[in-house]
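Working through the structure, step by step
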Amino acid sequence: MSALIVIDVQNDFCPGGALAVAEGDTIIPGINALMQDSDAVIFTQDWHPADHSSFASQHEGREPYGLIDMPYGPQVLWPDHCVIGSYGAAFHADLDVDRAEMVIRKGFRRAIDSYSAFFENDHTTPTGLEGYLRTRGITSLVLAGLATDFCVAYSAIDAAKLGFDVTVRTDLSRGIDLDGSLAAASQKMQDAGVTLV
Ligand code: VGL
Ligand code: ZN
(Lines give C-alpha, C1' and ligand atoms only; values in the text may rest on other atoms or scores of the structure.)
(Ligands and ions follow the chains in the order given, each with its own letter.)
Protein backbone atom coordinates (compact mmCIF):
# COMPACT_ATOMS: atom_id res chain seq x y z
CA MET A 1 0.00 0.00 0.00
CA SER A 2 1.22 3.45 -0.96
CA ALA A 3 0.66 6.87 0.64
CA LEU A 4 1.01 10.38 -0.70
CA ILE A 5 2.61 12.70 1.85
CA VAL A 6 1.92 16.35 1.09
CA ILE A 7 4.57 18.45 2.81
CA ASP A 8 3.81 21.91 4.23
CA VAL A 9 1.59 23.43 1.51
CA GLN A 10 0.88 26.36 3.81
CA ASN A 11 0.32 30.06 3.16
CA ASP A 12 3.69 31.12 4.60
CA PHE A 13 5.54 28.97 2.05
CA CYS A 14 3.54 30.32 -0.89
CA PRO A 15 4.04 33.66 -2.68
CA GLY A 16 3.19 36.51 -0.30
CA GLY A 17 4.00 34.37 2.75
CA ALA A 18 6.64 34.94 5.42
CA LEU A 19 9.00 32.28 4.01
CA ALA A 20 7.74 32.23 0.45
CA VAL A 21 9.07 29.58 -1.89
CA ALA A 22 9.13 30.77 -5.53
CA GLU A 23 6.20 29.22 -7.45
CA GLY A 24 5.16 27.41 -4.27
CA ASP A 25 1.48 27.68 -5.19
CA THR A 26 1.90 26.37 -8.75
CA ILE A 27 2.23 22.77 -7.54
CA ILE A 28 -1.20 22.71 -5.88
CA PRO A 29 -3.39 21.63 -8.85
CA GLY A 30 -1.02 18.74 -9.58
CA ILE A 31 -1.00 17.67 -5.92
CA ASN A 32 -4.82 17.77 -5.81
CA ALA A 33 -4.96 15.54 -8.89
CA LEU A 34 -2.40 13.10 -7.45
CA MET A 35 -4.46 12.76 -4.25
CA GLN A 36 -7.30 11.25 -6.28
CA ASP A 37 -5.08 8.30 -7.29
CA SER A 38 -3.49 7.66 -3.88
CA ASP A 39 -4.45 4.83 -1.48
CA ALA A 40 -3.80 7.11 1.49
CA VAL A 41 -3.19 10.84 1.86
CA ILE A 42 -1.24 12.41 4.70
CA PHE A 43 -0.42 16.10 5.17
CA THR A 44 2.31 17.71 7.21
CA GLN A 45 1.92 21.16 8.74
CA ASP A 46 4.79 23.29 10.06
CA TRP A 47 3.45 24.51 13.41
CA HIS A 48 5.63 26.76 15.56
CA PRO A 49 5.04 28.63 18.81
CA ALA A 50 5.54 32.42 18.33
CA ASP A 51 8.86 32.26 20.21
CA HIS A 52 10.27 29.28 18.31
CA SER A 53 14.06 28.97 18.53
CA SER A 54 14.41 28.61 14.74
CA PHE A 55 13.21 32.21 14.32
CA ALA A 56 16.01 34.78 13.86
CA SER A 57 13.84 37.19 15.86
CA GLN A 58 14.55 35.11 18.99
CA HIS A 59 18.30 35.62 18.73
CA GLU A 60 19.61 39.09 19.51
CA GLY A 61 21.44 40.66 16.58
CA ARG A 62 20.79 37.76 14.22
CA GLU A 63 19.26 37.97 10.75
CA PRO A 64 17.19 35.36 8.90
CA TYR A 65 19.08 32.79 6.81
CA GLY A 66 22.18 32.75 9.04
CA LEU A 67 23.33 29.60 10.82
CA ILE A 68 23.34 29.05 14.58
CA ASP A 69 24.68 26.21 16.72
CA MET A 70 21.93 24.46 18.62
CA PRO A 71 22.50 21.61 21.11
CA TYR A 72 21.36 19.25 18.33
CA GLY A 73 23.64 20.74 15.64
CA PRO A 74 23.65 23.65 13.16
CA GLN A 75 20.30 25.29 12.51
CA VAL A 76 19.31 27.81 9.84
CA LEU A 77 17.57 30.87 11.30
CA TRP A 78 14.29 31.66 9.56
CA PRO A 79 11.91 34.58 9.41
CA ASP A 80 8.97 34.06 11.79
CA HIS A 81 6.67 31.64 9.94
CA CYS A 82 3.87 29.12 10.44
CA VAL A 83 2.97 30.40 13.89
CA ILE A 84 0.39 28.15 15.55
CA GLY A 85 -3.13 29.20 14.61
CA SER A 86 -2.04 31.98 12.24
CA TYR A 87 -3.15 32.53 8.63
CA GLY A 88 0.41 31.77 7.51
CA ALA A 89 0.26 28.35 9.16
CA ALA A 90 -3.05 27.45 7.44
CA PHE A 91 -3.08 25.25 4.36
CA HIS A 92 -3.32 27.17 1.07
CA ALA A 93 -6.97 27.73 0.17
CA ASP A 94 -6.60 25.86 -3.14
CA LEU A 95 -5.31 22.67 -1.50
CA ASP A 96 -7.95 19.95 -1.36
CA VAL A 97 -7.69 19.45 2.41
CA ASP A 98 -10.74 17.19 2.60
CA ARG A 99 -8.70 14.31 1.18
CA ALA A 100 -6.22 14.25 4.09
CA GLU A 101 -6.74 11.28 6.40
CA MET A 102 -4.02 12.41 8.78
CA VAL A 103 -2.33 15.73 9.45
CA ILE A 104 0.97 15.58 11.25
CA ARG A 105 2.12 18.82 12.84
CA LYS A 106 5.78 19.43 13.50
CA GLY A 107 8.08 22.01 15.04
CA PHE A 108 5.74 22.68 17.97
CA ARG A 109 8.45 22.46 20.65
CA ARG A 110 10.17 25.79 21.19
CA ALA A 111 13.68 24.39 21.59
CA ILE A 112 13.86 22.19 18.53
CA ASP A 113 13.00 22.51 14.87
CA SER A 114 11.55 19.66 12.84
CA TYR A 115 12.00 19.62 9.08
CA SER A 116 11.33 15.91 8.69
CA ALA A 117 7.87 14.41 9.01
CA PHE A 118 9.49 11.51 10.91
CA PHE A 119 12.05 12.96 13.34
CA GLU A 120 12.75 16.35 14.86
CA ASN A 121 16.08 17.98 13.94
CA ASP A 122 17.96 15.99 16.63
CA HIS A 123 17.26 13.04 14.28
CA THR A 124 16.04 10.97 17.26
CA THR A 125 12.77 12.40 18.61
CA PRO A 126 10.02 10.68 16.59
CA THR A 127 6.89 12.47 15.38
CA GLY A 128 4.88 9.23 15.42
CA LEU A 129 4.35 9.14 11.66
CA GLU A 130 6.37 5.93 11.23
CA GLY A 131 4.05 4.05 13.58
CA TYR A 132 0.97 5.43 11.83
CA LEU A 133 2.22 4.30 8.41
CA ARG A 134 3.30 0.86 9.62
CA THR A 135 0.04 0.13 11.42
CA ARG A 136 -1.82 1.05 8.22
CA GLY A 137 0.34 -1.37 6.21
CA ILE A 138 1.86 1.40 4.09
CA THR A 139 5.26 0.48 2.65
CA SER A 140 5.73 2.92 -0.20
CA LEU A 141 5.59 6.71 -0.12
CA VAL A 142 5.25 9.49 -2.66
CA LEU A 143 6.28 12.92 -1.38
CA ALA A 144 5.44 16.33 -2.82
CA GLY A 145 5.29 19.86 -1.45
CA LEU A 146 7.45 22.57 0.13
CA ALA A 147 10.27 23.01 0.40
CA THR A 148 12.16 20.47 -1.72
CA ASP A 149 15.52 21.18 -0.08
CA PHE A 150 14.33 21.26 3.54
CA CYS A 151 11.17 19.52 4.72
CA VAL A 152 10.66 17.36 1.62
CA ALA A 153 14.32 16.22 1.50
CA TYR A 154 14.62 15.57 5.25
CA SER A 155 11.37 13.59 5.20
CA ALA A 156 12.39 11.57 2.13
CA ILE A 157 15.83 10.71 3.52
CA ASP A 158 14.43 9.65 6.91
CA ALA A 159 11.74 7.57 5.21
CA ALA A 160 14.32 5.78 3.05
CA LYS A 161 16.49 5.12 6.14
CA LEU A 162 13.43 3.62 7.86
CA GLY A 163 13.04 1.21 4.94
CA PHE A 164 10.12 2.74 3.04
CA ASP A 165 10.20 2.77 -0.74
CA VAL A 166 10.32 6.54 -1.43
CA THR A 167 9.62 8.65 -4.51
CA VAL A 168 9.83 12.46 -4.51
CA ARG A 169 7.79 14.25 -7.14
CA THR A 170 10.23 17.09 -7.80
CA ASP A 171 7.80 18.41 -10.42
CA LEU A 172 5.25 18.83 -7.61
CA SER A 173 7.73 20.34 -5.14
CA ARG A 174 9.61 23.66 -5.03
CA GLY A 175 12.78 24.62 -3.17
CA ILE A 176 14.14 27.56 -1.17
CA ASP A 177 17.69 27.09 -2.56
CA LEU A 178 19.89 28.73 0.08
CA ASP A 179 23.56 28.61 -0.99
CA GLY A 180 23.15 25.58 -3.24
CA SER A 181 20.89 23.71 -0.81
CA LEU A 182 18.68 22.42 -3.63
CA ALA A 183 21.49 20.62 -5.49
CA ALA A 184 22.93 19.32 -2.19
CA ALA A 185 19.54 17.98 -1.10
CA SER A 186 18.97 16.26 -4.47
CA GLN A 187 22.34 14.52 -4.16
CA LYS A 188 21.64 13.44 -0.56
CA MET A 189 18.23 12.08 -1.54
CA GLN A 190 19.75 10.07 -4.38
CA ASP A 191 22.51 8.75 -2.10
CA ALA A 192 19.81 7.62 0.36
CA GLY A 193 18.07 5.64 -2.37
CA VAL A 194 15.16 8.02 -2.96
CA THR A 195 13.68 8.02 -6.48
CA LEU A 196 13.40 11.55 -7.90
CA VAL A 197 10.74 12.11 -10.55
C1 VGL B 1 10.52 24.51 6.14
C2 VGL B 1 12.14 25.97 6.75
C3 VGL B 1 11.57 26.14 8.00
C4 VGL B 1 9.95 23.61 5.07
C5 VGL B 1 9.92 24.64 7.38
O6 VGL B 1 8.74 23.32 5.10
O7 VGL B 1 10.73 23.20 4.19
N8 VGL B 1 11.63 25.16 5.85
N9 VGL B 1 10.46 25.46 8.29
ZN1 ZN C 1 9.48 25.95 10.08
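Note that this is a predicted model, so its numbers are computed, not measured. (Residues numbered from 1 in each chain as written. Chains lettered and ligands numbered in written order. Predicted model: local features only at pLDDT ≥ 70, side-chain atom pairs only at ≥ 80, totals over all residues. Heavy atoms only, no water.)

**Observations regarding the overall build of the chain**
Scanning the chain from terminus to terminus reveals four helices and eight strands. For 197 residues, the compact-globule estimate of 2.2 N^0.38 gives 16 Å, and the C-alpha radius of gyration of the chain, at 15 Å, lies within 12% of that figure. Taken along its principal axes, the extent of the C-alpha atoms in the chain is 50 × 35 × 30 Å. Counting over 197 residues, the chain shows a buried share of 51%. Sequence separation of 24 or more characterises 73% of the internal contacts of the chain that already satisfy a separation of 6 or more. Per element, the accessible surface of the chain, about 8400 Å² overall, is 52% carbon and sulfur. Of note, the chain has its 12 positive side-chain charges centred 5 Å away from the centre of its 27 negative side-chain charges. (Helix = DSSP H or I, 4+ residues; strand = E, 2+ residues; numbered from the N terminus. Rg over C-alpha atoms; globule rule 2.2 N^0.38 Å. Buried < 20%, exposed > 50% of the residue type's maximum accessible area, 1.4 Å probe, protein only. Contact = heavy atoms within 4.5 Å. Areas by Shrake-Rupley, 256 points an atom, 1.4 Å probe, with all protein chains shown as cover. Lys, Arg positive; Asp, Glu negative; His and termini not counted. Charge placed at Lys NZ, Arg CZ, Asp CG, Glu CD.)

**Here we look at the environment of Ser 2**
With respect to the element layout, Ser 2 can be found in strand β1 (residues 2–7). C-alpha separation for the pair Ser 2 and Leu 133, spaced 131 residues apart in sequence, amounts to 9.5 Å. Every residue in contact with Ser 2, bar those within four places of it in the chain, is listed here: Asp 39, Ala 40, Ile 138, Ser 140 and Val 142.

**Quick look at the packing of aromatic side chains**
Counted under the stated rule, the structure contains seven aromatic pairs. A centroid spacing of 5.0 Å and a plane angle of 90 degrees characterise the contact between Trp 78 and Phe 150, whose relative ring orientation is edge-to-face. Highlighted residues: Trp 78 in the loop between β4 (73–76) and β5 (102–106) and Phe 150 in helix α3 (residues 148–161), separated in sequence by 72 residues. Of the residues examined, Trp 78 reaches a relative accessible area of 3% and is grouped as buried. (Phe/Tyr/Trp six-rings, centres within 6.5 Å; stacked < 30°, edge-to-face > 60°.)

**Details of the environment of Val 9**
Topologically, Val 9 is positioned in the loop between β1 and α1 (28–36). On the accessibility criterion, Val 9 (0% relative accessible area) is buried. Each C-alpha atom, one on Val 9 and one on Phe 119, is 19 Å from the other, the two residues being 110 residues apart in sequence. Excluding residues within four positions of it along the chain, Val 9 makes contact with Ile 28, Ile 31, Phe 91, His 92, Leu 95, Gly 145 and Leu 146.

**What about the coordination of the zinc ion (ligand 2)?**
The coordination sphere of the zinc ion (ligand 2), as far as protein atoms go, consists of Asp 46 (OD), His 48 (NE2) and His 81 (NE2), spread over 2.0 to 2.2 Å. Donor residues for the zinc ion (ligand 2), ordered by position in the chain, follow D-x1-H-x32-H. The class for Asp 46 is buried, based on a relative accessible area of 3%. Given the relative accessible area of 0%, His 48 is considered buried. (Donors = N, O, S within 2.8 Å, 3.2 Å for Na, K, Ca; no water.)

**Here we look at α3**
The buried fraction of α3 is high, at twelve of 14 residues. The set of residues buried in α3 consists of Thr 148, Asp 149, Phe 150, Cys 151, Val 152, Ala 153, Ser 155, Ala 156, Ile 157, Asp 158, Ala 159 and Ala 160. Following α3 by one or two positions, Gly 163 adopts a phi angle in the positive range, close to 100 degrees.

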